[in-house]
Amino acid sequence: MNRTDPTVVRTALVTGGASGLGAASAQRLRADGLTVTTLDLRGADIHADVTDEDALRRIAAEIGPVDVLVNSAGIVGPNKPLVETTTEEWRRVLDVNVLGTVNTLRAFVPGMRERGWGRVVNFASMAGKDGNADLSVYSASKAAVIALTKSVGKELATSGVLVNVITPAVIATPMNDDTAPEVLARITGLIPMRRIGRPEEVAELVAFLASERVSFSTGAVYDISGGRATY
């Protein structure tokens, strides 16, 4: 099957698709005519943990070809100074945010490469570029996702599979409900637009990166930060 044929209905898998940026992305991709499957711990089409690589491989075999992979699953982790964090907290956040992304890439990218077309959209954060105080674990995990995207984008550059990463500033999602109010206020204050972003604004960028409209960009970092990004 020619996956570049505009008459072909593309398929997408969105992890963390039950709420927040994942749910908004799934809704926006459906509006573009894609057949979207959401994956989350609960409240999604498929209930699974992105840290379970064996489960993801079984899912990949069951649902068939995936043209678009959106890695939105993630957790914030502890809001506290680095010296107060624990090894267990580091492992939990890195397992979900970094290895969870690695696991889905290893499960679904081979099929994209074989078919000669695919789009991967990873979610990182401005914290992965700037490093937010009292969010060292989260910041480090999202910096790893940025570097991972750059590396995989280069590996797949001639395959027809494009891999890019979005780095939002603060967005109004349930994920930020667990962020300490003083931390949230501080990082919102860094945004020149003086407001937090909306999930649907981020979903528009996802839709672009998941489409034929992007064709000469891979391993790239796309900020959506209300002007906060300075590099």
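Keep in mind it's a predicted model, so treat the numbers as computed, not measured. (Residues numbered from 1 in each chain as written. Predicted model: local features only at pLDDT ≥ 70, side-chain atom pairs only at ≥ 80, totals over all residues. Heavy atoms only, no water.)

Caption draft 1: How the structure looks around the packing of aromatic side chains. One pass over the structure, following the stated rule, counts 0 aromatic pairs. Across from the ring centre of Trp117, 3.6 Å away, lies the NZ or CZ of Arg10, which sits over that ring. (Phe/Tyr/Trp six-rings, centres within 6.5 Å; stacked < 30°, edge-to-face > 60°. Lys NZ or Arg CZ within 6 Å of the ring centre and 35° of its normal.)

Caption draft 2: Representation of unusual backbone geometry in the model. Unusually for a residue other than glycine, Asp134 sits at a positive phi of about 70°. Among the secondary structure elements, Asp134 is positioned in the loop between helix H4 (127-130) and helix H5 (136-155). Judged by relative accessible area, Asp134 falls into the partly exposed class, the value being 30%. (Helix = DSSP H or I, 4+ residues; strand = E, 2+ residues; numbered from the N terminus. Buried < 20%, exposed > 50% of the residue type's maximum accessible area, 1.4 Å probe, protein only.)

Caption draft 3: Focus on the sheet that holds strand E7 (residues 221-224). Here 7 strands make up an open sheet; going across it, the order is E3-E2-E1-E4-E5-E6-E7 and the pairing parallel. Each end of this open sheet is capped by a strand with a single partner; those strands are strand E3 (46-47) and E7. Inspection of the sheet shows strand E5 (residues 118-123) paired to strand E6 (residues 161-168) by 6 bridges, in the parallel sense. Paired with Gly118 across the strands is Val161, a residue of E6. (Pairing = 2+ DSSP bridges.)

Caption draft 4: Region of the structure containing the environment of Val152. When you line up the elements, Val152 lands in helix H5. A relative accessible area of 12% places Val152 in the buried class. Separated by 11 residues in sequence, Val152 and Val163 place their C-alpha atoms 6.9 Å apart. Contact partners of Val152, with chain neighbours within four places excluded, come to Leu105 and Val163. (Contact = heavy atoms within 4.5 Å.)

Caption draft 5: Spatial organisation of the pattern of salt bridges. Enumeration over the complete set of coordinates arrives at 12 salt bridges. We note a salt bridge from Arg28 to Asp32, for which the minimum N-O separation is 2.7 Å. Asp32 gets classed as partly exposed once you look at its relative accessible area, which sits at 37%. Linking Glu201 and Arg198 is a salt bridge whose minimum nitrogen-to-oxygen distance equals 3.1 Å. For Glu201, a relative accessible area of 24% gives the class partly exposed. What emerges from the salt-bridge pattern is a single network uniting Arg195, Arg198, Glu200 and Glu201. (Salt bridge = Lys/Arg side-chain N within 4 Å of Asp/Glu carboxyl O.)

Caption draft 6: Examining the pairing of strand E2 (residues 35-40) more closely. Judged from the 5 bridges that link them, strand E1 (residues 11-15) and E2 form a sheet pairing that is parallel. Of the residues in E2, the one forming a bridge with Leu13 is Thr37.

Caption draft 7: Representation of the packing of helix H2 (residues 53-63) against helix H3 (residues 87-115). At a closest axis distance of 9 Å, the pairing of H2 and H3 adopts a crossing angle of 30°. Judged by the angle between their axes, H2 and H3 are roughly parallel. Considering the relative orientation of H2 and H3, their crossing is right-handed. Contact with H2, carried on its side by Glu53, Leu56, Arg57, Ile59, Ala60 and Ile63, involves Asn103, Thr104, Arg106, Ala107 and Phe108 of H3 and no other residues of that element. Classifying every residue of the contact of H2 with H3 gives 6 nonpolar, 2 polar and 3 charged. (Axes fitted to C-alpha atoms, helices over the stretch in contact; angles between N-to-C directions. Parallel < 35°, antiparallel > 145°, perpendicular 65-115°, else oblique. Left-handed = near helix turned anticlockwise from the far one by under 90°. Nonpolar A, V, L, I, M, F, W, Y, C, P; charged D, E, K, R; others polar.)

Caption draft 8: Spotlight on the layout of surface pockets. Considered as a void within the structure, the largest pocket measures approximately 840 Å³ in volume. What lines the largest pocket is a set of 43 residues, and nearest its centre among them are Ser72, Ala73, Gly74, Ile75 and Met175. Mapped onto the lining of the largest pocket, the elements with two or more residues apiece are helix H1 (20-31), E2, H3 and H5. With 3 residues, the top contributor of residues to the lining of the largest pocket is H1. (1 Å grid on protein atoms, 1.4 Å probe; cavity = no way out; pocket = protein on both sides within 12 Å on 5 of 7 lines; lining within 4 Å. Points joined across faces, edges and corners; volume = space filled by probe spheres on them.)

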